[in-house]
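Chain by chain, the residues run as shown.
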Amino acid sequence: MSATLFRPASDTTAGVPASDPLGVASALAGRLAASAVQRDRDGGHAAQEREWIRASGLLTLSIPTEFGGQGAPWPVVYEAIRILARADSALAHVFGFHHLQLAGIRLYGSAQQQRHLLTATSEQGLFWGNALNPLDQRTTARRGADGFTLDGVKSFSSGSVGSDWLTVSAWDAAAGEALIGVLPTAQAGVRVQADWDAFGQKQTDSGNVHFDQVYLPAQYVLQAPGQAPTAQATLRSQVAQLIMANLYLGIASGAFDSAREYTREQSRPWFASGVDSAADDPLIQHRYGQLWLLLRPAQVLADHAAHELERAFNKGALLSARERGEVAVAVAEAKALSHRAGIEISSQMFELTGARATSAKFGYDRFWRNVRVHTLHDPIDYKLRDLGRYVLDGSVPEPTAYS
């Protein structure tokens, strides 16, 4: 890594001071919203928009101040993700997963690795991508004298296209365990395949990453094969799950706000309603009240889970397995309710806005398509099972890559 100092562009966030990261996120969201509908149609890689994210300075939001970052607590990081997701959930996903990789460095990395990688990220404005799909064991690791050689492929590698560095997991058959490491995306033998073609979340850059005789030096191995993770290290899955909850919640909020604006400004009252404005129709008001009661509790639980995660992070090595499990319960609650809010609001909004709102020029269908694709990441029924076990016998979820 070079030591070139990264300086964010001064005009990216319309004069909002860097000391107001949520204001920066709101300004950036407004800029992304202007092209969100067209980019959703086009798909592909949003290279320019990703540079706007980089230039905003928000890539350093979760990095501790001692490493040159902004040191924002997790509730602020998640609120920034939610703000971006209201406008553009695909790029909010890329942004959120950048911070997931940084969390992994903080949780798995040694003090030296943290200082080296996080300081470089702050100074150079590095954008991180993910190649750590735990269910895809096609990438293998072969141990050498001073590191490992990686071969294979990783699917669902969000943010990999256009990234500077990647977090990667690889299966060590000799040890019967996986390792976790980091690599520059431009490393010899690494090839990012931009072949993501889902009907939603089109610009998450979640294609395949191929490894052909890629050298992973020991200094970039965050967790060696067979190294049992601490309770603290297993918080990575909770960081990831809460990112998803806030993405769903951001989509739900974006759909709700779009529907409300349309109802106020463009909807025509049904002839049998007896009112002059659709917003005065008591049945429409009733339905919006129902949607609000999907959205508002999800917001409360997501905020609560973010505070619980922050508290657990601050405990560091003192975090107990039980305390970690309580965080997993809070995150499962938030994710389950955000899942429901996202799916229901993005679908029911059309019942409230009517047939003219289905015009392609509005692009309102993107809310449902995006949340439908993303909520399939891992089965919500297993979150409900975990919550059922917790309320019945007090047991907390076992740490996995998803719980």
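This text goes with the structure placed above it.
Residues numbered from 1 in each chain as written. Predicted model: local features only at pLDDT ≥ 70, side-chain atom pairs only at ≥ 80, totals over all residues. Heavy atoms only, no water.

Novice: What is the right way to read the layout of surface pockets from this model?
Specialist: In this structure, the largest pocket encloses a volume near 1,200 Å³. Around the largest pocket sit 46 residues that line it, and Leu 132, Asn 133, Pro 134, Ala 401 and Tyr 402 are the ones nearest its centre. Elements with a minimum of two residues in the lining of the largest pocket: helix 4 (89-108), strand 4 (165-172), strand 5 (177-184), helix 6 (236-265) and helix 9 (365-374). Take the lining of the largest pocket: its biggest share by element is five residues, from helix 6. Each residue belonging to the lining of the largest pocket can be placed in one class, and the counts come to 22 nonpolar, 19 polar and five charged. If you add up the space inside the second largest pocket, you get close to 360 Å³. Contributing to the lining of the second largest pocket are 17 residues, with Arg 268, Pro 269, Trp 270, Ile 284 and Leu 352 lying nearest its centre. Contributing elements (two or more residues each) for the lining of the second largest pocket: helix 7 (282-315) and helix 8 (321-353). In terms of residues, the lining of the second largest pocket owes the most to one element, helix 8, which gives three residues. (1 Å grid on protein atoms, 1.4 Å probe; cavity = no way out; pocket = protein on both sides within 12 Å on 5 of 7 lines; lining within 4 Å. Points joined across faces, edges and corners; volume = space filled by probe spheres on them. Helix = DSSP H or I, 4+ residues; strand = E, 2+ residues; numbered from the N terminus. Nonpolar A, V, L, I, M, F, W, Y, C, P; charged D, E, K, R; others polar.)

Novice: Honestly, the packing of helix 2 (residues 47-56) against helix 4 in this entry has me stumped. Any pointers?
Specialist: Packed helices, taken two at a time, are described by the angle between their axes plus the distance between the axes. At a minimum axis separation of 11 Å, helix 2 and helix 4 run at an interaxial angle of 50 degrees. Comparing the axis directions of helix 2 and helix 4 gives the class oblique. In this structure, the crossing between helix 2 and helix 4 has a hand that is right-handed. Every residue of helix 4 that contacts helix 2 at Glu 49, Arg 50 and Ile 53 is listed here: Leu 91, Val 94 and Phe 95. The class makeup of the residues in the contact of helix 2 with helix 4 is four nonpolar, no polar and two charged. (Axes fitted to C-alpha atoms, helices over the stretch in contact; angles between N-to-C directions. Parallel < 35°, antiparallel > 145°, perpendicular 65-115°, else oblique. Left-handed = near helix turned anticlockwise from the far one by under 90°. Contact = heavy atoms within 4.5 Å.)

Novice: Even after reading the chapter, I still don't get the pairing of strand 5, so can you show me in this structure?
Specialist: Within a regular beta strand, the side chains point alternately toward one face of the sheet and then the other, so they alternate between its two faces. Examined bridge by bridge, strand 4 and strand 5 share eight bridges and lie antiparallel to one another. Paired with Asp 172 across the strands is Glu 177, a residue of strand 5. Here strand 4 folds back onto strand 5 in antiparallel fashion, the turn holding four residues, of which Gly 176 has a positive phi close to 70 degrees. Relative to strand 8 (residues 221-223), strand 5 runs antiparallel, the two sharing two bridges. Bridge pairing in strand 8 links Gly 181 to Val 221. (Pairing = 2+ DSSP bridges.)

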